Structure formats: C-alpha cells, structure tokens
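# Structural overview for review
Residues per chain, in single letters:
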Amino acid sequence: MKTTTTTGPPPQPLHSLKPHRRRHLNRIFAAVYTLAIISLFYHHTLKLFHSTTIISLSLFISDVILAYMWSTTQAFRMNPVSRKEFPESLEKFLERKDFPAMDIFICTADPYKEPPINVVNTALSVMAYDYPSEKLSVYVSDDGGSELTMFAFMEAAKFGKVWLPFCRENNITDRCPDAYFRSNYVVSADQVMEVKVLLNSKQDVDINGKLLMPNLVYFSREKSKTTPHHFKAGALNALLRVSGIMTNAPIILTLDCDMYSNDPSTLERVLCYLSDKFRKPNCGYVQFPQRFHGLNKADIYASEHKRLFLANPSGMDGLFGPSYVGTGCFFHRRVFFGGPSAYIEPEIPALSPSNIVDKPINSEQTLNLAHHVSGCNCENKTNWGSKMGFRYGSLVEDYYSGFRLQCEGWHSIFCNPSRPAFLGDVPINLIDVLSQNKRWSIGLLEVGFSKFSPLTFGIRAMGILMGQSYAHYAFWPVWFFPITTYAILPSLALLNAIPIFPEVYEPWFFLYIFLFIGAYGQDCLDFILYEGTFVRWWSDQRMWLIRGLSSYLFGSIEYISNCLGVPSHGFNVTSKVMDDDQSKRYDQGIFEFGVSSPLFVPLIIAAILNLVAFLGGILHIFKERSLDNFFIQILIAGFGVLNSLPLYEAMVLRSDKGRIPIKTTITSTTLTGVLYAISYFILKT
Ligand SMILES: O=c1ccn([C@@H]2O[C@H](COP(=O)(O)OP(=O)(O)O[C@H]3O[C@H](CO)[C@@H](O)[C@H](O)[C@H]3O)[C@@H](O)[C@H]2O)c(=O)[nH]1
Ligand SMILES: [Mn+2]
C-alpha cells in the first residue's frame, strides 16, 4: 500500500468539499438573463419617454426591484458546494480525552408559547450526546423568568420528585404542570436573577451510579424596565458571560428551545472542523441547516424555507461561508472577542476566551461572579453588543451577528449531514407564520438601512458576492413593492380596460414571457435539485407572494413608523403550542386563518380583485374574439386566481374554525370596491 505522496496537497482526512456541477449552467444562464433584463429596461425607458404615468412608473420601479433582487440571488448560484465529514475517522487523530469542552446554550422566553416540557426535551436531547460528559455543559436561559420552567428543569435533573412536594407545600390542586402554570403565572416586566447548578459533572452520576452527568445550569438573567434587555441577543450574551465564568468551553452551540438534537454523534462531526487540531485559523462557526419535523406533505406555509436554510447556505459555503441562522450553530468562543487578528480583551479578565477555569462550577466564588455578570447593568459602557458577543440593534440578531462576524474576517462552514442533526417545530397557522416573517422583515430592514448595510459596509468588507448575499436578505422586505404592484395593478387596469403590457405579436411580448418563465423555471429547478418536490415548490412560490402582500408590506410599514418614533412590540416569540383542531387541519394541508387580522386583508383584496378581473377578461375575449391587448394581464390575473384558491375556499366554502372570519371578508370586499373606485378616477384620467 502506498503511504506517502510527494505531489499535491496532503489528503483531507476528516472532510471533503465538492462544488456542484450546476454552477457552470448557472453562470451561463446568469449572463443570458442579464441581457434580457437589459432589454427590458430599454423597453421601459422607451415607454417612460413616450408617456410617464402612474402605471408605467410603478411597473418600472417594480422591475428595478425585481431585477436587483434577482441579481442578489446570483451570488448564491455562482459556486454552490457540498461537504462531507468523516467523524468515524476522528479517533485516529484525536483521543477522546483530548476532545475540547463544549457549552450548549438553550434559549427560552415564554412559558405560554414555549411549553417548558418541550424545552426540557430539548435539553435532555443534548445532554445525551455521545461525548465525554465531563466536557459537556448545558446552559438554559429562561427569559420568561418562569418558575415552571425552572421546576421542569429540576425535575429533569433529579429525575422527578420535585414537582409533587412543591404542589403539596403550596397547596396546589392543579397538579398538571401546564394547568397549574396557566392559572398562576403572572408576567412581570422585571425579572430577578437566578443561576442554579442543577447537575454538576464532577459529582452527579446517573441512576445506576456509573456514568457522570453533564453540567446542567438553569439561568435567568436580571431584567429591569429601565434597561433594554435586547431580547435573545441579550440572553445569549449573558449566557456567554455566565458560561465563561463557569466552564469557558472553547466551543459553543446555540439552540432555540424547540430544536432538539436528532443525532447523538453531531459533536464529533463538528470536531472535524472545529477542534484545535483541524480548525483553520479564521474559521469561526459551523452552521447546520434548520430542519423541521411535522411538516405537511405540501408544506403549505413553506416553513421549510429551503432557500434560506439549504440552497443559499450551500451557495455561501463556496464563498466565505453561510450566515448564522440562530440555532444549530457551533461557534468558536474566540469569535465573540474581535476579528481573527484583532482580539478585544473583555473588561473582566476571567471572561477571556483563553482563560482556563480552575474553580468548581458551584463554588461560592464562581456563583458570585456568575451573578455579577448576569446583572442588567454589567453591560453598561462596555463593548458587549457592539464589538463583542452577539450584536444588538436588529430583531434578527442571528443574521446581524453572523454578518458582523463575517465582516470582521471570520469564515464559516455549512454542515448538512443526511441525518438531520437537529429538528425543530414550525408554526402551524398562517397568522403565526406571517407575524414571524413580519418580525424578520423589520429586523432585516434595520440592518439594510443602517450604517452597516451589506450593500455598502458589507461589500467593502467582504467583496461583491458576499455583500450581495447578505443584501439579498436585508432587502427581502422590499419585495413587497413589486409583489403588491403585480398583484393588483394589472387587474385594476384590466377592469378599466387599459392595456399595460405588450400585445401578443410584439417581440416585447416574448421578452416578458422569457423573463417570467426563466426566473420561475430556474427557481423551480433549483428547488427540486435541493431535494424538493414540485408541490412543495408550488407552496413555496405561493408563500413568497403571500409574504410579499402581507409580512413584507406590514413589516416595511412598521419599520418606517419605528424610524418615525412610533414604538413597537419588539420580539414577538413564535408560538410552539399545538392546538389539536389546528394540528388536524394542518396535517390535511388546509390553510388556517381563524382570527381576524389586518395581515390577511391585502391577501383577500388581491384574491377578489384577480378573480373579478380574470372573469371580466375571459368575457372580453368572448365578446371581442381577440385577446391581443390584454393577454398578459389576463394571464397574471389567472395566475393570481390559481394561487388564491385556498382563500376562496376559506372565505365561502369552509365552515370550520380555521376559515376566514366573515368580518375580515366584509372589510376586505369593501376595501376592494374602494380600490376599484379610486383606480377608476386615477387610471382613466
Ligand atoms: O426575548 C427573547 C425572545 C426570544 N428568545 C428565544 O429566541 C428563540 C427564537 O425565538 P422564536 O420565537 O422561535 O423565533 P423564530 O422566528 O421562530 O426564530 C428564528 O428567528 C430568530 C430571529 O428573529 C432567531 O433568533 C431564531 O434562531 C430563528 O430560528 C426562542 O428559543 C426564544 O425563546 C429569547 O431567549 N429571548
Ligand atoms: Mn422558532
């Protein structure tokens, strides 16, 4: 057997990297499509010179935005790659006793929306990793400061016998934790600090008295009405400090409370990239995709977010690496203290990432210091949140923090094993989905229009492709403009008998068709190549339209009003509670409306308008026996109708609790009438 080679790079023992072959086609197609876009703008310019109307101007602006957003997606398509790891070879290179310590952070915030029992589940799943227990510490941050969560954890830690005496002592009759909680929990704006070591890996053994348990720490930071707590980013920074005092492991995993570990060998896989022996000096974090359990067959709300969590990260992995998506991410602790060659010393020397903890985790000195660093004033006048730790200033702290880290020069790795490393919950009703996306929209615009905008700061720091990748997300919400315009303008014009697109026999007609089919076709193909199905793609494109008309629109409005000084809600935690009725409908693939919300109104307006316009258009074809002038408009309205089928059903055919409330239907219908009346006066003159 040959043992040495003299030429070429040394073999990569623990992981491999393969560029996707489709990158070549992607590049060629990008060039062709760019030419088509240029001709479209030539056409627009001609039209604008000819006459500038509300219609031609709106279409022009819409197409500028669509074209720009298309250009940002190209960054993901230039060099997508896949990786493979070989954790089974790890022990050839690294002895188990030399494995680095790991600190695992789990965030929870709201015992109503995040049932403590599920949080416990998540914690138990990571405590069960195949990894030397004495090197594993699990920190649970409870931003709800909820007694139940804490007790649930004591229960988990001590294998029971905590809940019952508690009930007896407090004379509680509702002995089901959930029920007790619902009736007794009071939310307070202030939160007292609590750091409790529930399990200590130096002392606690399992029930057979054989194996040591990992450390388990329950932690709830101090909060006060007068100091901003910065939501999850604030919680994570507090965790960074507390864990720094107690264990200071060089590797950190951040998890949301609903993302449980689905593979006990994940930590070894991560070592292939992050252990000191194999880590490239500027490699900062390893991101796993967010994957979910319980999706319905068509994934009606496109909760899979295939682009966000799979396709785009593969694309960025061929550049400097994927963005951080908030959960399922392993960081090298050092990244939170300045760029690879620009170390920032924390104000408390014990927090330095190279500090070695020599005191027991529950010694008085350690606990005192841990209390000190979880106080709400300990970040005053420090670098935390600006240059150190997770960054403040955006509701999407994950995206923003990853972006700033990459601007500092940290690279990252996308690790996507075939068995999902983590599985999470998805929202199962439309209002939760739309609210979540609205929160993201606000957070993204906060970054997009800040002095650290990816478009300026990002491109300068990381070059055009990485900058465009991040800009793609920052300006997601701006899609509301073209989507809303295309959803209503062609129909309104059709109803007013105004043709706004080229006729069927004009060459420009074919340009429009090519642009549409080209973009949609490539999108569909991409989706399917990334392990997707056609029905899920169809849901995905529908949700893009729905988000555009709702989340992006309202998110942009709220962002603007925030800028004008109107206060807003902040981080509205997504509900992880499963209502039986709703779950059943979700599993059948039925859209869940149920509540009346302004978020639904634009969707219904567009649905009604497109239907009326489409029927009117068909009638017109029969009367005039020609479809030359209005063909594209009828096509667009028809496309709208096709996408709105679940809405018509929810408005008129259904009688279950998840239908669209009559009130919302009436409001929306009235508004559609008003919109038509306005268009009559504006477009006709
Ligand atoms: O003040 C807060 C608010 C939230 N959280 C936690 O943050 C996590 C994410 O919250 P969730 O409501 O589930 O948000 P999603 O929109 O579902 O989450 C996505 O988007 C967030 C950014 O908006 C990221 O933080 C998440 O990792 C990402 O999965 C949960 O574990 C919460 O408990 C806190 O710890 N403190
Ligand atoms: Mn979530």
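Per an unreviewed UniProt entry, the chain carries the name Cellulose synthase-like protein G3 and comes from Penstemon davidsonii. The annotation that UniProt attaches to the chain under Subcellular location (unreviewed entry) is "Endomembrane system".

We now examine the nonpolar core. Phe330 and Phe331 are the most contacted members of the largest nonpolar core, which has 174 residues in total. With eight residues, the single largest contributor to this core is helix H8 (residues 231-246). Both domains that furnish three or more residues to this core are identified here as domain 1 (22-79 + 462-684) and domain 2 (89-290 + 325-423). One finds Leu494, Phe630, Ile634 and Ala637 within the second-largest nonpolar core, a separate group that totals five residues.

Let us look at the domain arrangement of the chain. Splitting the chain by domain gives domain 1 (22-79 + 462-684) and domain 2 (89-290 + 325-423). Distance between the C-alpha centres of domain 1 and domain 2: 40 Å. Between domain 1 and domain 2, the contact holds 13 residues from the first and 18 residues from the second. With both sides pooled, the region where domain 1 packs onto domain 2 buries about 1300 Å², and carbon together with sulfur makes up 66% of that total. Considering only the surface of domain 1 that becomes buried against domain 2, Tyr470, Phe571 and Lys576 emerge as the three largest contributors, covering 48% of it. Close ionic contact of Glu114 with Lys576 constitutes a salt bridge, the shortest N to O distance being 2.5 Å. At the surface where domain 1 touches domain 2, the tally comes to seven residue pairs in polar contact (both at pLDDT 80 or more). Residues that form the side of domain 1 that touches domain 2 fall into these classes: eight nonpolar, four polar and one charged.

One pass over the full model with this rule turns up 24 salt bridges. Notably, a salt bridge pairs Glu592 with Arg585, separated by 2.7 Å at the nearest N-O pair. Note on Glu592: relative accessible area 3%, which makes it buried. Connected through shared salt-bridge partners, Asp581, Arg585, Glu592, Arg654 and Asp656 make up one network.

If you check the shell around ligand 1, you find 24 residues, and the closest are Cys107, Asp143, Glu397, Thr574 and Lys576. Contact distances for ligand 1 include 2.7 Å between an oxygen atom and a backbone N or O atom of Cys107. Trp440 has a polar side-chain atom sitting 3.1 Å from an oxygen atom of ligand 1. Coverage of ligand 1 by the protein chains reaches 96% of its 680 Å² of free accessible surface.

Here we come to helix H16 (residues 480-495). Taking 1.5 Å per residue as the helical rise, H16 with its 16 residues ought to reach 22 Å, and the 23 Å between its terminal C-alpha atoms agrees with that figure. Within H16, 13 of the 16 residues are buried, leaving the element largely enclosed by the surrounding structure. Looking one or two places after H16, you find Ala497, whose phi comes out positive at around 55°.

Right, let's talk about the UniProt feature "transmembrane region" (unreviewed entry) in the chain for a bit. In this structure's numbering, the residues bearing the UniProt feature "transmembrane region" (unreviewed entry) are residues 25-42, 48-70, 509-532, 599-622, 629-648 and 660-683. With 90% helix and 0% strand, residues 629-648 has its two end C-alpha atoms placed 28 Å apart. Helix and strand shares over residues 660-683 are 92% and 0% respectively, and the end C-alpha atoms of the span are 31 Å apart.

Relative to the 33 Å expected for 23 residues at 1.5 Å per residue, helix H17 (residues 507-529) spans 32 Å between its end C-alpha atoms, a close match to the ideal helical length. For H17, the elements touching its buried residues are helix H1 (22-50), helix H2 (54-77), helix H10 (306-317), H16, helix H18 (534-549) and helix H22 (631-653). Phi turns positive one or two residues past the end of H17, at Glu531, with a value near 55°.

Between H17 and H18, the least distance of the axes is 9 Å, while the angle of their chain directions is 130°. In terms of orientation, H17 and H18 fall into the oblique class. Judged by the twist between their axes, the crossing of H17 over H18 is right-handed. Contact with H17, carried on its side by Tyr520, Asp523, Cys524, Phe527 and Ile528, involves Phe534, Arg536, Trp537, Asp540, Gln541, Trp544 and Leu545 of H18 and no other residues of that element. Its residues placed into classes, the contact of H17 with H18 shows eight nonpolar, one polar and three charged.

Cut-offs and rules
Here, residues in each chain are numbered from 1, in the same order as that chain's written sequence. Chains carry letters from A onward and ligands carry numbers from 1 onward, assigned in written order. pLDDT decides what is reported in this predicted model: residues at 70 or higher carry local features, side-chain atom pairs at 80 or more are listed and counted, and totals for whole chains, interfaces and linings draw on all residues regardless. Note that water and hydrogens are dropped before the side-chain values are worked out from all heavy atoms of the structure. UniProt positions are given in the numbering used here, feature names are shortened, and annotations may be inferred rather than shown by experiment. Remark: nonpolar core denotes a set of buried residues (Ala, Val, Leu, Ile, Met, Phe, Trp, Tyr, Cys) joined through side-chain atoms within 4.5 Å. The buried label applies to any residue whose accessible area, calculated with a 1.4 Å probe on protein chains only, is under 20% of its type's maximum; exposed applies above 50%, and partly exposed to all values in between. Counting from the N terminus, the helices are the DSSP runs of H or I reaching at least four residues and the strands are the DSSP runs of E reaching at least two. Here the bounds of each domain stem from an automatic or database domain assignment. Here a residue-residue contact requires only that any non-hydrogen atoms of the pair lie within 4.5 Å. When two parts are put together, the accessible area they lose, computed with a 1.4 Å probe and summed over both, is reported as buried area. Each reported salt bridge corresponds to a side-chain nitrogen of Lys or Arg within 4 Å of a carboxyl oxygen of Asp or Glu. By the criterion applied in these results, polar contacts are pairs of N or O atoms within 3.5 Å in which, for protein atoms, one can donate a hydrogen and the other can accept it, and in which residues neighboring in sequence qualify only through two side-chain atoms. Throughout, the ten residues Ala, Val, Leu, Ile, Met, Phe, Trp, Tyr, Cys and Pro are labelled nonpolar, Asp, Glu, Lys and Arg are labelled charged, and all others, Gly among them, are labelled polar. By convention in these notes, a residue is near a molecule or strand provided one of its non-hydrogen atoms lies within 4 Å of it. Values of accessible area rely on a 1.4 Å probe in the Shrake-Rupley scheme; residue burial ignores everything except the protein chains shown. Between the first and last residue of a helix there are one fewer steps than residues, each counted as 1.5 Å, and that sum is the expected span. For every element, the axis is a line fit to its C-alpha atoms; helices are fit only across the contacting stretch, and the angle between N-to-C directions ranges from 0 to 180 degrees. Note that the term roughly parallel is reserved for angles under 35 degrees, roughly antiparallel for angles over 145, roughly perpendicular for angles of 65 to 115, and oblique for everything else. When the near helix sits turned anticlockwise from the far one by under a right angle, the crossing is termed left-handed; a clockwise turn instead gives a right-handed crossing.

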